[in-house]
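Each chain, letter by letter, is given below.
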Protein chains: 2
Amino acid sequence: MTMSTPTPAERALPLRERKKLRTRKALADAALRLFLDRGFQETTLDELVDAVEVSKRTFFRMYESKEDVAMAAELELWDAYVAEVAARELHGPVLDFLRETLVAAITGLGEDWDRRFLATRGLIARTPVLWDRSLLRSITVQARLVNELETKLGVDSRDDVRLRLLGEVSLAAWRCAAKNWISGRGYDGPQGPREKLGHWKGPGGSTQLIRRVEDAFHAIPDSLTLTAP
Amino acid sequence: MTMSTPTPAERALPLRERKKLRTRKALADAALRLFLDRGFQETTLDELVDAVEVSKRTFFRMYESKEDVAMAAELELWDAYVAEVAARELHGPVLDFLRETLVAAITGLGEDWDRRFLATRGLIARTPVLWDRSLLRSITVQARLVNELETKLGVDSRDDVRLRLLGEVSLAAWRCAAKNWISGRGYDGPQGPREKLGHWKGPGGSTQLIRRVEDAFHAIPDSLTLTAP
DNA sequence: ACTACTATGCCACTGAGTGGCACTTCTTGA
DNA sequence: TCAAGAAGTGCCACTCAGTGGCATAGTAGT
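Residues numbered from 1 in each chain as written. Chains lettered and ligands numbered in written order. Predicted model: local features only at pLDDT ≥ 70, side-chain atom pairs only at ≥ 80, totals over all residues. Heavy atoms only, no water.

Chain A is annotated in an unreviewed UniProt entry as Biofilm operon icaADBC HTH-type negative transcriptional regulator IcaR from Kibdelosporangium persicum.

So this is what it looks like as structure tokens:
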């Protein structure tokens, strides 16, 4: 386990918690490295656990499954998203709220996350079981979001359908955005070429990801009226 | 393995195929019975396989996983849906097309399916792993649908986002519909009380399911403009 | 009947995930 | 400062889905 200079936030936590977070992070880092190197299926949990010098039992106290540790970066995003939704005031169109909040969550995660997430999505894209799990997580987070929004709006179960649909649509937009972000490098979205933008965090960076997200959200109304000749 | 009077469609198939389909069905039936009786997690594959007097190896030639055999009825629906989409002419609003086709697929599956599907959804609702798997399948079918629609429409990858979003939204509507169908028995949708309808296949029948589907699809445009005070 | 072919059975094996208990390490309160 | 007590960890045996390989039995075509 490598030592690193603890952030102020870490310092505030009791020693026990800090240690726990450190092995948690060590597991995620080693997992990403091993999986990228040898492949997800090809790497066994025992190998991962040996590399971090932790028992398998401890691993399962940190992560629910082998898939989850590979997608640790994505799980961080979802936690940030839900927290952001809970923290923000809600008024105006809910769909806009969900988009803005998602963008805010991405922005708030920093550059290190940026790199890890890019690598993670690459791994997910070429590993079917991870792809499935990622899909599933994106739907599960929708339930958490809708739950939060219900409290905020105080809706009864009658309006439920609309709210749930809205959650589904938002996460659907996310999935489209994330897919395009990884696969389509040379694509200029409806907002025109990117060179004019000025500062952005390089190819595949979170700035590009955010643009994909906004493109996808903006495409929603049009998609509903899509008509065949 | 119980014998039953073969339908004309079955008679057309070679003997080998018929046998295969029969064990396939026997597995699905026994699985549903056992899982409903003892619970999904509590029943092992070996027990199921023993009950049908088939080897475990054979089981995995029929179904991909333990989850899949429990959701056999749902898989039938998805196959029917995709087939229906492939068979129909496409013109007019694509969202309407997807709704109508889904309704047609449900209608075409018959009363036996009706009963099995109701039981299946009940099982899914109280079994987390099945719930997850069902969610996943509903997203996977979306990929198949979009694929089919792409061929029909001849769209380039630029329009892809809209088409994919449309697929996502449709399946999202389905998930809402299916959830409400199982959980909310006493709920009168926006189309008014049901007693006036005349013929329908009883509580939880596919006629009710279809109404849920139509309600959910109709709620889509409204949900997008949902606004907080 | 003879030959493809293909579905099935059998069996050993992998590997994720769990339960239980002993052990170590941190926290807390007197 | 030191003794509980709590929380985290390691070890080990176990369950059970899912797979690979090969022998066998039943089916289709000639």
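Let's pick the thread back up.
Caption draft 1: Spotlight on the relation of the copies chain A and chain B. You can overlay chain A on chain B at an RMSD of 0.0 Å; the transform is a turn of 180° with a shift of 0.0 Å along its axis. Here the copies are linked by what is in effect a two-fold axis. In this assembly, 100% of the residues forming the interface of chain A have copies in chain B that are likewise at the interface, indicating an isologous arrangement. (Least-squares fit on C-alpha atoms with pLDDT ≥ 70 in both. Contact = heavy atoms within 4.5 Å.)

Caption draft 2: How the structure looks around the side chain of glutamate 168 of chain A. Considering the arrangement of structural elements, one finds glutamate 168 of chain A in helix α10 (residues 160-183). Setting aside residues no more than four positions away along its own chain, glutamate 168 of chain A makes contact with Gln142 and Arg175 of chain A together with Ala172 and Arg175 of chain B. (Helix = DSSP H or I, 4+ residues; strand = E, 2+ residues; numbered from the N terminus.)

Caption draft 3: Structural context of the UniProt feature "DNA-binding region" (unreviewed entry) in chain A. UniProt records the feature "DNA-binding region" (unreviewed entry) at residues 44-63 of chain A, using the numbering of this structure. Between the end C-alpha atoms of residues 44-63 of chain A there is a gap of 15 Å, over a span that is 75% helix and 0% strand. (UniProt positions renumbered as here; feature names shortened; annotations may be inferred.)

Caption draft 4: Looking closely at the interface of chain A and chain B. With 39 residues of chain A at the contact, the number on the chain B side is 39 residues. For the pair chain A and chain B, the summed buried area comes to about 3,700 Å², and 71% of that belongs to carbon and sulfur atoms. Taken together, the connections running from chain A to chain B amount to 2 salt bridges. The partner of arginine 175 of chain A in a salt bridge is glutamate 168 of chain B, with the nearest N and O atoms 2.6 Å apart. At the boundary of chain A with chain B, the tally comes to 8 residue pairs in polar contact (both at pLDDT 80 or more). Put simply, the parts of the chain that give the side of chain A that touches chain B at least two residues each are β1 (92-93), α7 (94-107), α9 (128-153), α10, α11 (206-224) and β2 (227-228) of chain A. (Buried area = accessible area lost by both parts, 1.4 Å probe. Salt bridge = Lys/Arg side-chain N within 4 Å of Asp/Glu carboxyl O. Polar contact = N/O pair within 3.5 Å; in protein donor to acceptor, adjacent residues only side chain to side chain.)

Caption draft 5: Seen up close, the protein's contact with DNA strand D. Taken together, 21 residues form the shell around DNA strand D, and within it Arg16 and Thr58 of chain A together with Arg16, Arg57 and Lys66 of chain B come nearest. Take the atoms of DNA strand D that sit within 4 Å of the protein: sugar and phosphate atoms are 57% of them. Between DNA strand D and lysine 20 of chain A, the relevant distance is 3.1 Å, taken from a phosphate oxygen to a side-chain nitrogen or oxygen of the residue. Taking arginine 61 of chain A, its side chain carries an N or O atom lying 3.1 Å from a base oxygen of DNA strand D. Breaking the surface near DNA strand D down by element, the ones donating at least two residues are α2 (15-38) and α4 (56-62) of chain A together with α2 (15-38) and α4 (56-62) of chain B. Of all the elements, α4 of chain A adds the most residues to the surface near DNA strand D, at 4 residues. (Near = heavy atom within 4 Å.)

Caption draft 6: Main features of the nonpolar core. Judged by nonpolar contacts, the single largest core of 90 residues is most densely connected at Ile106 and Trp174 of chain A together with Leu98, Ile106 and Trp174 of chain B. The leading source of residues in this core is α10 of chain A, at 14 residues. With sequence-adjacent residues up to four places away left out, isoleucine 106 of chain A is seen in contact with Leu77, Trp113, Trp174, Ser206, Leu209, Ile210 and Val213 of chain A. (Core = buried A, V, L, I, M, F, W, Y, C linked by side-chain atoms within 4.5 Å. Buried < 20%, exposed > 50% of the residue type's maximum accessible area, 1.4 Å probe, protein only.)

Caption draft 7: Inspection of the packing of helix α8 (residues 110-125) of chain B against helix α10 (residues 160-183) of chain B at higher detail. Residue and element names in this part refer to chain B. Relative to each other, α8 and α10 sit at 95°, their axes nearing to 10 Å. Of the possible angle classes, the one that applies to α8 and α10 is roughly perpendicular. Of the residues in α10, those touching α8 at Phe117, Leu118, Arg121, Gly122 and Ala125 are Trp174, Ala178, Trp181 and Ile182. A breakdown of the residues in the contact of α8 with α10 according to their chemical character gives 7 nonpolar, 1 polar and 1 charged. (Axes fitted to C-alpha atoms, helices over the stretch in contact; angles between N-to-C directions. Parallel < 35°, antiparallel > 145°, perpendicular 65-115°, else oblique. Nonpolar A, V, L, I, M, F, W, Y, C, P; charged D, E, K, R; others polar.)

Caption draft 8: Region of the structure containing the environment of threonine 127 of chain A. All names here are of chain A. Residue position: threonine 127 is located in the loop between α8 (110-125) and α9. Overall, threonine 127 belongs to the buried group, its relative accessible area being 5%. Residues threonine 127 and glutamine 41 lie 86 residues apart in sequence; the distance between their C-alpha atoms is 8.3 Å.

Caption draft 9: Examining the side chain of serine 134 of chain A more closely. Residue and element names in this part refer to chain A. By secondary structure assignment, the location of serine 134 is in helix α9. For serine 134, a relative accessible area of 5% corresponds to the buried category. Apart from the residues lying within four places of it in its own chain, the contact partners of serine 134 are Met71, Glu74, Arg121 and Ile124.

Caption draft 10: Broad picture of the confidence of the model for chain A. With 84% of its residues at a pLDDT of at least 70, chain A reaches an overall mean of 87. In this model residues 1-8 of chain A is a low-confidence stretch, pLDDT under 50, and it forms 7 contacts with partners more than four residues away in sequence or in other chains. (pLDDT = per-residue confidence, 0-100.)

Caption draft 11: Region of interest: unusual backbone geometry. Located in the positive-phi region is glutamate 53 of chain A, a residue other than glycine, with phi close to 55°. Secondary-structure assignment places glutamate 53 of chain A in the loop between α3 (45-52) and α4.

Caption draft 12: Looking closely at the packing of aromatic side chains. On inspection of all chains with the given rule, the structure shows 16 aromatic pairs over all chains. Both rings, one in phenylalanine 59 of chain B and one in tyrosine 63 of chain B, keep their centres 6.0 Å apart while their planes meet at 35°; by these two values the pair is tilted. As far as the burial class goes, phenylalanine 59 of chain B and tyrosine 63 of chain B line up, both buried. Put simply, the rings of Trp78, Tyr81, Trp113, Phe117, Trp174 and Trp181 of chain A pair up and form one aromatic cluster. Arginine 24 of chain A extends its terminal NZ or CZ atom over the ring of tyrosine 63 of chain A, reaching a point 4.3 Å from the ring centre. (Phe/Tyr/Trp six-rings, centres within 6.5 Å; stacked < 30°, edge-to-face > 60°. Lys NZ or Arg CZ within 6 Å of the ring centre and 35° of its normal.)

Caption draft 13: Spotlight on the environment of valine 146 of chain A. Residue and element names in this part refer to chain A. Among the structural elements, valine 146 can be located in helix α9. The class for valine 146 is buried, based on a relative accessible area of 7%. Separated by 14 residues in the primary sequence, valine 146 and aspartate 160 place their C-alpha atoms 8.8 Å from one another.

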